[in-house]
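In case you want the letters, here they are:
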Amino acid sequence: GENVEQHPSTLSVQEGDSAVIKCTYSDSASNYFPWYKQELGKRPQLIIDIRSNVGEKKDQRIAVTLNKTAKHFSLHITETQPEDSAVYFCAASDQTGANNLFFGTGTRLTVIP
Amino acid sequence: DAGITQSPRHKVTETGTPVTLRCHQTENHRYMYWYRQDPGHGLRLIHYSYGVKDTDKGEVSDGYSVSRSKTEDFLLTLESATSSQTSVYFCAISVSGTGDEQYFGPGTRLTVT
């Protein structure tokens, strides 16, 4: 099955700086890559996703890039704010009919005011 | 919240007892999923369903069974709970109709003593 690795496990940035989280995946057939944000005690929330026919996608301060050749994708958060502090998870889909997701182990982002 | 509820939200049970967790959705989505979340492991798929009475195993299905007799309900059963099944359980639904774009329920915190 798919194997997703995520780095770093923790990340601290000053408010206003950028944050980058990177993930690699093993199955070259994977074609869907979502990112989730999870605040303490809450459910994971889908914040952005990208499909394999697109190299980059942006939504306000959040962007995701995908390099299918290298099998890695990254989340970029610009102009970070304290409310961006959370755990972020990447995931990659497999190629079963259900497009099951395999998740990375998470990155705890702390934005220091 | 994509119309997903989970019950109970918290449960403490003893080793060897059966436990059933319920996921309910209000929007007739075809795909439903059960995940468990443990520190250091991210989210791992237990079972999923692609329609009424259509279910399949995920990454960590041992010790769990599921049933889906109605579109709106997906039940997860621990036949004989063990301490290793202490976890937070999340249900998810796919809004896309193809298995991606998954949204999560609020979660159930299960403690097996």
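A. The arrangement of the overall build of chain B in detail. Tallying secondary structure elements over chain B gives zero helices and 11 strands in all. Of the regular secondary structure in chain B, the N- to C-terminal order runs β-β-β-β-β-β-β-β-β-β-β. Compactness check: chain B gives a C-alpha radius of gyration of 13 Å against a globular reference of 13 Å for 113 residues, within 12% of the reference. Residues classed as buried in chain B amount to 49% of the 113 residues present. Pairs at least 24 apart in sequence give 54% of the contacts found in chain B among residues at least 6 apart. Here chain B has roughly 5000 Å² of accessible surface; of this, 47% comes from carbon and sulfur atoms. Charge separation in chain B, taken as the distance between the mean sites of 11 positive and 13 negative side-chain charges, equals 4 Å.

B. Quick look at the packing of aromatic side chains. For the structure shown, the criterion picks out 15 aromatic pairs over all chains. Pairing Tyr36 of chain A with Phe103 of chain A gives two aromatic rings, centres 5.6 Å apart and planes at 50°, and the pair type is tilted. Of the two residues, Tyr36 of chain A sits in strand β4 (residues 32-38) while Phe103 of chain A sits in strand β10 (residues 101-103), which places them 67 residues apart along the sequence. Accessibility expressed as a relative area gives 7% for Phe103 of chain A, which makes it buried. For the ring pair Phe103 of chain A and Tyr35 of chain B, a centre distance of 5.6 Å and an interplane angle of 90° mean the geometry is edge-to-face. Placement of Phe103 of chain A in strand β10 and of Tyr35 of chain B in strand β4 (residues 32-38) is noted, with the two residues assigned to different chains. Neither Phe103 of chain A nor Tyr35 of chain B differs from the other in exposure class; each is buried. Ring-pair connections join several aromatic residues into one group, and the members of that group are Tyr36 and Phe103 of chain A together with Tyr31, Tyr33, Tyr35, Tyr48, Tyr50, Phe90 and Phe104 of chain B.

C. Layout of the sheet that holds strand β8 (residues 72-77) of chain A. Residues and elements named next belong to chain A. Read from one edge of the open sheet, five strands run β1-β3-β8-β7-β6, paired in antiparallel fashion. Here the strands that pair on one side only, and so sit at the sheet edges, are β1 (4-7) and β6 (56-59). Taking each pair of neighbouring strands and ignoring which way they run, the sheet shows an average axis angle of 15°. Direction of pairing for strand β7 (residues 62-67) relative to β8: antiparallel, over a ladder of six bridges. Each residue of the ladder has a partner; that of Val64, found in β8, is Leu75.

D. Region of the structure containing the sheet that holds strand β7 (residues 64-70) of chain B. Residues and elements named next belong to chain B. Strand order in this open sheet of four strands is β1-β3-β8-β7, and the pairing throughout is antiparallel. Looking at strand neighbours, the two that pair on one side only are β1 (4-7) and β7, the edges of this open sheet. Ignoring which end each strand starts from, the neighbouring axes of this sheet average 20° apart. When β1 meets strand β3 (residues 19-25), the two strands line up antiparallel, connected through four bridges. Within β3, the position partnered with Ile4 by the bridge is Gln25.

E. Layout of the state of the cysteines. Residue and element names in this part refer to chain A. Applying the stated criterion across every chain yields a total of two disulfides over all chains. Across a sulfur-sulfur distance of 1.9 Å, Cys23 and Cys90 are joined as a disulfide pair. Judged by the torsion about the S-S bond (-100°), the Cys23/Cys90 disulfide is left-handed. Placement of the pair is Cys23 in strand β3 (residues 19-25) and Cys90 in strand β9 (residues 86-93), with a sequence separation of 67 residues.

Procedures and definitions
- Each residue is numbered by its place in its chain's sequence as written, counting from 1.
- Going through the entries in the order they are written, you letter the chains from A and number the ligands from 1.
- At least 70 in pLDDT is required for a residue's local features to be given in this predicted model, at least 80 for side-chain atom pairs to be given and counted, and no such filter applies to totals for whole chains, interfaces and linings, which use all residues.
- Only hydrogens and water are removed before side-chain values are computed, so all heavy atoms of the structure are retained for them.
- Secondary structure elements follow DSSP: runs of H or I of four or more residues count as helices, runs of E of two or more count as strands, with numbering from the N terminus.
- A radius of gyration in this sense is built from C-alpha atoms; the matching globule rule multiplies 2.2 Å by the number of residues raised to 0.38.
- Per-residue accessibility, obtained with a 1.4 Å probe over protein chains only, is compared with the maximum for each type, and a residue is labelled buried under 20%, exposed over 50%, and partly exposed between these values.
- A contact between two residues is defined here by any heavy atoms of the two lying within 4.5 Å.
- Reported accessibility uses the Shrake-Rupley method at a 1.4 Å probe radius. Residues are deemed covered only where the shown protein chains occlude them.
- Note that His is not counted, nor are the chain ends; the positive residues are Lys and Arg, and the negative ones are Asp and Glu.
- Where a charge sits is defined by one atom per residue type, namely NZ (Lys), CZ (Arg), CG (Asp) or CD (Glu).
- Pairing of aromatic rings covers Phe, Tyr and Trp, the last counted by its six-membered ring, and requires centre-to-centre distances within 6.5 Å; plane angles under 30 degrees mean stacked, over 60 mean edge-to-face, and any other angle means tilted.
- If DSSP finds at least two bridges between two strands, the strands pair.
- For helices, the fitted line uses only the C-alpha atoms of the stretch in contact; every axis is such a line through C-alpha atoms, and the angle between N-to-C directions lies from 0 to 180 degrees.
- Cysteine sulfurs are considered disulfide-paired once they come within 2.5 Å of each other.

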